[in-house]
Amino acid sequence: MDVMQWLTQNPVGEFCFTMLVSMVPVVELRGGIPFGVARGLPVWAAYLAAIIGNILPVPFILVYIRRIFQWMRRHMPRLNRLVDKLEKKAHLKGQKVTKYKYLGLMLFVAIPLPGTGAWTGALAAAFLDMPLRKAIPSIFAGVVVAGIAISILTFGVASLF
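Each chain carries its own residue numbering, running from 1 in the direction its sequence is written. Only residues with pLDDT of at least 70 get local features here, since the model is predicted, and only at 80 or more are side-chain atom pairs given and counted; chain-wide, interface and lining totals rely on the full set of residues. Here the side-chain values reflect all heavy atoms present in the structure, with hydrogen atoms and water set aside.

1. Some words on the packing of helix α3 (residues 28–38) against helix α4 (residues 43–55)
When two helices pack together, their arrangement is given by the angle between their axes and by how far apart the axes lie.
(1) Moving on: Interaxial distance between α3 and α4 falls to 8 Å at its minimum, and their mutual angle equals 150°. Two packed elements cross with a definite hand, and for α3 against α4 that hand is right-handed. The segment α3 lies against α4, with Glu 28, Leu 29, Gly 32, Ile 33, Gly 36 and Val 37 engaging Val 43, Ala 46, Tyr 47, Ala 50, Ile 51 and Asn 54.
(2) Moving on: A breakdown of the residues in the contact of α3 with α4 according to their chemical character gives eight nonpolar, three polar and one charged. Fitted lines through C-alpha atoms give the axes, limited to the stretch in contact for helices. The angle between two N-to-C directions lies from 0 to 180 degrees. Runs of E in the DSSP output that reach at least two residues are strands. Runs of H or I that reach at least four are helices, and both are numbered from the N terminus. Take the far helix as your reference; a near helix turned counterclockwise from it by less than a right angle gives a left-handed crossing, and one turned clockwise gives a right-handed crossing. When checking whether two residues touch, look at their non-hydrogen atoms; a contact exists if any pair is within 4.5 Å. Ten residues, namely Ala, Val, Leu, Ile, Met, Phe, Trp, Tyr, Cys and Pro, are considered nonpolar, four, namely Asp, Glu, Lys and Arg, are considered charged, and the remaining ones, Gly among them, are considered polar.

2. A word on the nonpolar core
(1) Moving on: The nonpolar core is taken to be a set of buried Ala, Val, Leu, Ile, Met, Phe, Trp, Tyr and Cys residues, with the residues joined through side-chain atoms within 4.5 Å. Only protein chains enter the area calculation, which uses a 1.4 Å probe; residues under 20% of their type maximum are buried, those over 50% are exposed, and those in between are partly exposed. With 33 residues, the main nonpolar core has Leu 62, Leu 105, Ile 139 and Val 143 as its most contacted residues.
(2) Moving on: Residue assignment for this core shows that the elements contributing at least two residues are α3, α4, α5 (58–75), α6 (80–98), α7 (101–110), α8 (118–127) and α9 (132–160).
(3) Moving on: Among residues more than four places away in sequence, those in contact with Ile 139 are Ile 55, Val 58, Leu 62, Leu 105, Val 109, Ala 118, Gly 121 and Ala 122.

3. What about the confidence of the model for the protein?
(1) Moving on: Taken over all residues, the pLDDT of the protein has a mean of 88, while the share at 70 or more is 94%.
(2) Moving on: Confidence, read as mean pLDDT per element, is least for helix α1 (residues 3–8) in the protein (68) and greatest for α4 (96). Summary of the metric used: pLDDT quantifies the predictor's per-residue confidence within the range 0 to 100.

4. Some remarks on the pattern of salt bridges
(1) Moving on: Throughout this description, the term salt bridge denotes a Lys or Arg side-chain nitrogen within 4 Å of a carboxyl oxygen of Asp or Glu. Taken as a whole and judged by the stated rule, the model has four salt bridges.
(2) Moving on: Where Arg 39 meets Glu 14, a salt bridge forms, and the shortest distance between an N and an O atom there is 3.0 Å. Within this pair, whereas Arg 39 is found in the loop between α3 and α4, its partner Glu 14 is found in helix α2 (residues 11–23), the two being separated by 25 residues in sequence.
(3) Moving on: Classification of Glu 14 by relative accessible area gives buried; the value is 6%.
(4) Moving on: Its salt-bridge partner being Arg 66, residue Asp 129 comes within 3.0 Å of it at the nearest N-O pair. Of this pair, Asp 129 sits in the loop between α8 and α9 while Arg 66 sits in helix α5, and the two are 63 residues apart along the sequence.
(5) Moving on: A relative accessible area of 56% means that Asp 129 is categorised as exposed.
(6) Moving on: Salt bridges linked by common partners bring Arg 73, Asp 84 and Glu 87 together as one network.

5. Some remarks on unusual backbone geometry
(1) Moving on: Of note, Val 26 is a non-glycine position whose phi angle comes to about 75°, a positive value.
(2) Moving on: Relative to the helices and strands, Val 26 is located in the loop between α2 and α3.
(3) Moving on: Owing to a relative accessible area of 76%, Val 26 belongs among the exposed residues under this scheme.
(4) Moving on: A positive phi is found at Glu 28, a non-glycine position, where the angle reads about 45°.
(5) Moving on: Here Glu 28 lies in helix α3.
(6) Moving on: The class for Glu 28 is buried, based on a relative accessible area of 2%.

Now the structure itself:
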């Protein structure tokens, strides 16, 4: 049995697959929960897998994103426009967060819309120099709230069929 068969043919594999989907930027838990439910996981299991998968990259983004951007500028100048775009996005999103600090960060991450979420929240927190010990709980709380909203929506839509 290869890895893809294992991921798609047992509940533990589906849980892990849902975690992996939730780690992807833009998709995050907003896509991970419906994905897990569509793959046969109960809503609570898809929620838990998506929360874990969505929060795992956050500490790495907070700690390493500036170094990664510097390295990319130095060694891959063709990607400077992409790095500029991502930094600009972080600063623009950071302006929304700045007024309310950690509560603002949590609310920003909690809004289940495209362009918000743990990845963008972590990017904004990194560029606002928020301390790790305060940014991570705010982002986690936002992910939990967004997960509840998406679970309710997913459960409601799934119960129609």
